[in-house]
Amino acid sequence: MRDFRAALAALDADGIRRKRRVVSGPQGPVLDVDGEALLAFASNDYLGLASHPKIAAAAADAIRRCGVGGAASHLISGHHEEHERAESALARFVGTPRALLFSSGYMANTGVIPALVGRGDAVFSDALNHACIIDGARLSRADVNVYPHADMNALEDLLARSSARNRLVVSDAVFSMDGDVAPIADLLALCERHDALLLLDDAHGFGVLGPDGRGTVARAGVVSDRIVYLGTLGKAAGVAGAFIAGDADLVEWLVQRARTYVFTTAMPPMVAAAVRAAVDVIATEGWRRERLDAHARTLREGLDGSRWPLLPSETAIHPVIVGANDLAMQLMQALRARGLWVPAIRPPTVPAGTARLRISLSANHSGDDVRRLVDALATLADETRTAA
Ligand SMILES: *Cc1c(COP(=O)(O)O)cnc(C)c1O
């Protein structure tokens with residue numbers, strides 16, 4: 001049997017073993033961690049909906065009406081009216097003929113990609129795509145062509161050279177470690193020229209970008225039945241799960257063939273009810289996106305001209321690239337000692353030499369919360385320079 005104790009010790013020796021921190025109470029900007037209150041810039045709860053009372057009430061009401069369990073897969077007896085309602089609301093909101101719920105974004109990508117392409121087909125994937133896109137592409141058994149991040153010339157070359165019958169271009173719509181937005185219109189133009197489908201994973205854009213938070217594709221102002229839109233529901237929407245939105249026949253094909261849809265228990269109806277309430281809140285509480293923009297301005301202006309200026313980002317993700325791994329870790333710990341929780345991200349999650357703090361903002365942060373982070377970073381910029 002493999003020696004897992006030795007394998008773990010090797011992680012310790014490389015300083016890459018990760019620890020879970022136990023949070024109590026609701027998610028929000030201030031987290032109770034082992035009895036200590038930490039001001040966190042660490043979650044994907046961009047709009048602050050994870051503890052929204054209306055959404056929690058919708059879930060509680062659904063529990064009273066429908067209980068807790070999904071009970072069966074959708075194609076047996078688990079497909080509930082609450083799923084239908086949530087799917088209609090999502091399709092209407094993002095402006096596509098049909099939408100389909102999945103239990104997570106991870107399951108959506110690992111089920112959808114192998115349902116769209118298979119052996120002898122070709123996938124074209126951005127080098128910075130999320131792990132579950134990489135896994136979905138591998139599971140599909142199609143040829144995987146990775147193009148350098150957002151490099152449309154390289155993508156065009158690969159598409160032009162491919163003789164595969166079915167081609168799928170897949171990209172994060174917002175890249176999770178940099179917060180930059182994919183060139184949606186250019187991607188679509190290439191897919192039209194080379195007869196490819198375009199799967200856009202908008203895990204970090206749905207709810208945040210575009211008119212009323214309709215997402216990155218709505219922000220780009222493009223409509224096409226080649227676009228397979230994937231939104232996740234555990235980030236800005238504050239609940240759990242994911243959905244695919246697009247052409248009605250394509251979505252029906254996924255109902256038939258996406259294995260992570262067919263061979264899994266249906267998402268609990270209470271989750272679908274919460275999702276529908278979240279779509280309503282996303283559409284009607286536009287002030288949450290305005291707050292997010294105001295916080296981004298505070299952060300940007302505060303760090304402008306400092307040792308660590310922010311990269312341009314229209315999203316809630318604001319990396320502070322510090323370079324060296326130990327500096328990133330040192331900063332994370334120094335912030336933590338000041339009661340601030342900002343995760344450090346190191347290679348291989350990001351390219352070598354680009355270790356960073358990944359600041360994520362939430363509409364539930366106050367202006368003072370953001371200023372506290374700016375002040376701490378300014379102080380640490382001086383202190384760590386002196387130390388180095
Ligand atoms: C978080 C994330 C996912 C996974 O979604 P879950 O619902 O958390 O499983 C997929 N794609 C991207 C780009 C993500 O950031």
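All values derive from a computational prediction rather than experimental measurement.

**Overview of the site of the ligand**
In the region of the ligand, the neighbouring residues are S104, G105, Y106, H130, C132, D172, D201, A203, H204, T232, K235 and G241. Within the contact set of the ligand, an oxygen atom lies 2.9 Å away from a backbone nitrogen or oxygen of Y106. Take D201: an N or O atom from its side chain is 2.6 Å from a nitrogen atom of the ligand. Residues belonging to the shell around the ligand are distributed by class as follows: three nonpolar, six polar and three charged.

**Some words on the domain arrangement of the chain**
Taken domain by domain, the chain comprises domain 1 (17-47 + 286-387) and domain 2 (53-284). The centre of domain 1, based on its C-alpha atoms, is set 28 Å off from the matching centre of domain 2. Taken together, the 18 residues of domain 1 in the interface contact 21 residues of domain 2. The contact between domain 1 and domain 2 buries some 1600 Å² in all, and 56% of this surface belongs to carbon and sulfur atoms. When the buried surface of domain 1 facing domain 2 is broken down by residue, R289, E314 and T315 rank first, second and third, together holding 32% of it.

**Focus on the pairing of strand β4 (residues 98-102)**
Within β4, four of the five residues are buried, which leaves it mostly tucked inside the rest of the structure. For β4 and strand β10 (residues 242-246), the ladder comprises five bridges, and the chain directions are antiparallel. Its bridge partner being in β10, L100 is matched across the sheet by I244.

**As for the sheet that holds strand β11 (residues 317-323)**
Strand order in this open sheet of three strands is β11-β14-β13, and the pairing throughout is antiparallel. The open sheet terminates on both sides in strands that have one partner only, identified here as β11 and β13 (344-345). Pairing of β13 with strand β14 (residues 355-360) involves two bridges; the strand directions are antiparallel. Note that in β14 the partner of A344 across the bridge is L357. Those strands touched by helix α14 (residues 325-337) are β11, β13 and β14, and its axis lies near 35° from that of β14.

**Re the nonpolar core**
Within the largest apolar cluster, 88 residues are counted, with the highest numbers of intra-cluster contacts made by V169, F206 and F243. Examining the composition of this core, we find that nine residues originate from one element, helix α12 (residues 269-284), more than from any other. Mapped onto the domain boundaries, this core takes at least three residues apiece from domain 1 (17-47 + 286-387) and domain 2 (53-284). Excluding anything up to four places from it in sequence, F243 contacts L90, V94, A99, L100, L101, F206, Y229, L230, G231 and L233. Counting 25 residues, the second largest nonpolar core, distinct from the first, contains L100, A115, L168 and L199.

**Points about the packing of aromatic side chains**
With the rule as written, the count across this model stands at four aromatic pairs. Judged by centre distance (5.9 Å) and plane angle (85°), the rings of F93 and F206 are edge-to-face. Separated by 113 residues along the polypeptide, F93 in helix α4 (residues 81-94) and F206 in the loop between β8 (197-201) and α9 (216-220) bring together distant segments of the chain. Taken individually, F93 and F206 each receive the classification buried, so the pair is uniform in this respect. By way of ring pairs, the aromatic residues F93, F206, Y229 and F243 are connected into one cluster.

Calculation rules
- Residues numbered from 1 in each chain as written.
- Predicted model: local features only at pLDDT ≥ 70, side-chain atom pairs only at ≥ 80, totals over all residues.
- Heavy atoms only, no water.
- Near = heavy atom within 4 Å.
- Polar contact = N/O pair within 3.5 Å; in protein donor to acceptor, adjacent residues only side chain to side chain.
- Nonpolar A, V, L, I, M, F, W, Y, C, P; charged D, E, K, R; others polar.
- Domains from an automatic or database assignment.
- Contact = heavy atoms within 4.5 Å.
- Buried area = accessible area lost by both parts, 1.4 Å probe.
- Buried < 20%, exposed > 50% of the residue type's maximum accessible area, 1.4 Å probe, protein only.
- Helix = DSSP H or I, 4+ residues; strand = E, 2+ residues; numbered from the N terminus.
- Pairing = 2+ DSSP bridges.
- Axes fitted to C-alpha atoms, helices over the stretch in contact; angles between N-to-C directions.
- Core = buried A, V, L, I, M, F, W, Y, C linked by side-chain atoms within 4.5 Å.
- Phe/Tyr/Trp six-rings, centres within 6.5 Å; stacked < 30°, edge-to-face > 60°.

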